[in-house]
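What follows is each chain in one-letter form.
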Amino acid sequence: MAEQGNLTFGIIKPDAVRAGNTGRIIQHITDAGFRTRAMKLIHMTLEEAEGFYAVHRERPFFPELTRFMSSAPCVVMALEKDNAVKAWRDLMGATDPAKADDGTLRKEFGASMGENAVHGSDSEENAAIEISYFFSRLELV
Ligand code: GDP
């Protein structure tokens, strides 16, 4: 098992999977030097999406976000790299694709604040929580 600080959790969101961008996004992840420790295609129920985004429960966009995340399949991933949380957020870009830098995934594949192609943990603590929400220890290779 790698040091926890080298792991983060990512999602290729339903908009990007539906648009056929899964392969291109995985290529970017590989090119950026991440090692994939776990990956699977899932289709969350509304309840599973609500559990995952529980920290956002009070936010006005929570119903829209959880409906969207449970609307179609997505790809969940445990990614390894030095300073993985920051490295993955740098590759994702700003939450709003319109404000994301050139070369980021959200700039290339995101459409709006809601449909912004990818998710990434915002801290090592949340990365550990989010990885364990979707993967058992046996699924981390
Ligand atoms: P992130 O860490 O960059 O993903 O951003 P946040 O933690 O602030 O928000 C989590 C997710 O909620 C974002 O990735 C968006 O998909 C969604 N979100 C944030 N703000 C809005 C908003 O104003 N409208 C909608 N529809 N979704 C939002």
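Quick note: structure is the one above.
Residues numbered from 1 in each chain as written. Predicted model: local features only at pLDDT ≥ 70, side-chain atom pairs only at ≥ 80, totals over all residues. Heavy atoms only, no water.

**A closer look at the pairing of strand S1 (residues 7–12)**
Alright, step 1. Where burial is concerned, most of S1 is hidden: six out of the six residues are buried.
Alright, step 2. Taking every second residue as pointing to the same face, both faces of S1 are buried, with Leu7, Phe9 and Ile11 on one and Thr8, Gly10 and Ile12 on the other.
Alright, step 3. Bridge count between S1 and strand S3 (residues 74–80): six bridges; the pairing is antiparallel. Among the inter-strand pairings, phenylalanine 9 is bridged to a residue of S3, identified as alanine 78.
Alright, step 4. In the sheet, S1 pairs with strand S4 (residues 118–120) via three bridges, with the strands oriented antiparallel. Across the sheet, isoleucine 11 pairs through a bridge with histidine 119, a residue of S4. (Buried < 20%, exposed > 50% of the residue type's maximum accessible area, 1.4 Å probe, protein only. Helix = DSSP H or I, 4+ residues; strand = E, 2+ residues; numbered from the N terminus. Pairing = 2+ DSSP bridges.)

**Regarding the nonpolar core**
Alright, step 1. By size, the foremost hydrophobic cluster in this structure holds 20 residues, and its most contacted members are Phe9, Ile11, Met44, Met69, Val76 and Phe134.
Alright, step 2. Only S1, strand S2 (35–42), helix H3 (46–52), helix H4 (62–69), S3 and helix H7 (124–134) provide two or more residues apiece to this core.
Alright, step 3. Sorting elements by how many residues they give to this core places H4 first, with four residues.
Alright, step 4. Other than its neighbours up to four places away in sequence, methionine 69 contacts Ile11, Lys13, Pro14, Met44, Ala49 and Tyr53. (Core = buried A, V, L, I, M, F, W, Y, C linked by side-chain atoms within 4.5 Å. Contact = heavy atoms within 4.5 Å.)

**Details of the side chain of threonine 104**
Alright, step 1. Within the fold, threonine 104 resides in the loop between helix H5 (84–92) and helix H6 (105–109).
Alright, step 2. Judged by its relative accessible area of 6%, threonine 104 is buried.
Alright, step 3. Looking at threonine 104, its side chain comes within polar contact range of the main-chain nitrogen of lysine 107, at 3.3 Å.
Alright, step 4. If we skip the residues at most four places from it in the chain, threonine 104 touches Asp90, Leu91, Met92 and Gly93. (Polar contact = N/O pair within 3.5 Å; in protein donor to acceptor, adjacent residues only side chain to side chain.)

**Description of the sheet that holds S4**
Alright, step 1. With antiparallel pairing, four strands are arranged side by side in an open sheet as S2-S3-S1-S4. Edge positions in the sheet fall to S2 and S4, since each of these pairs with one other strand and no more. Taking each pair of neighbouring strands and ignoring which way they run, the sheet shows an average axis angle of 20°.
Alright, step 2. Along the sheet, H7 contacts S1, S2, S3 and S4; its crossing angle with S1, the most-contacted strand, is approximately 55°. (Axes fitted to C-alpha atoms, helices over the stretch in contact; angles between N-to-C directions.)

**Let's talk about the pattern of salt bridges**
Alright, step 1. Taken as a whole, this structure holds five salt bridges when the rule is applied.
Alright, step 2. Across the pair glutamate 80 and arginine 35 runs a salt bridge, and its minimum N-O distance is 3.2 Å. With glutamate 80 in strand S3 and arginine 35 in strand S2, this pair connects stretches of sequence that are 45 residues apart.
Alright, step 3. Looking at arginine 35, the relative accessible area reads 44%, which means it is partly exposed.
Alright, step 4. Its salt-bridge partner being aspartate 102, residue lysine 107 comes within 3.5 Å of it at the nearest N-O pair.
Alright, step 5. Residues participating in the shared-partner salt-bridge network are Arg35, Arg37 and Glu80. (Salt bridge = Lys/Arg side-chain N within 4 Å of Asp/Glu carboxyl O.)

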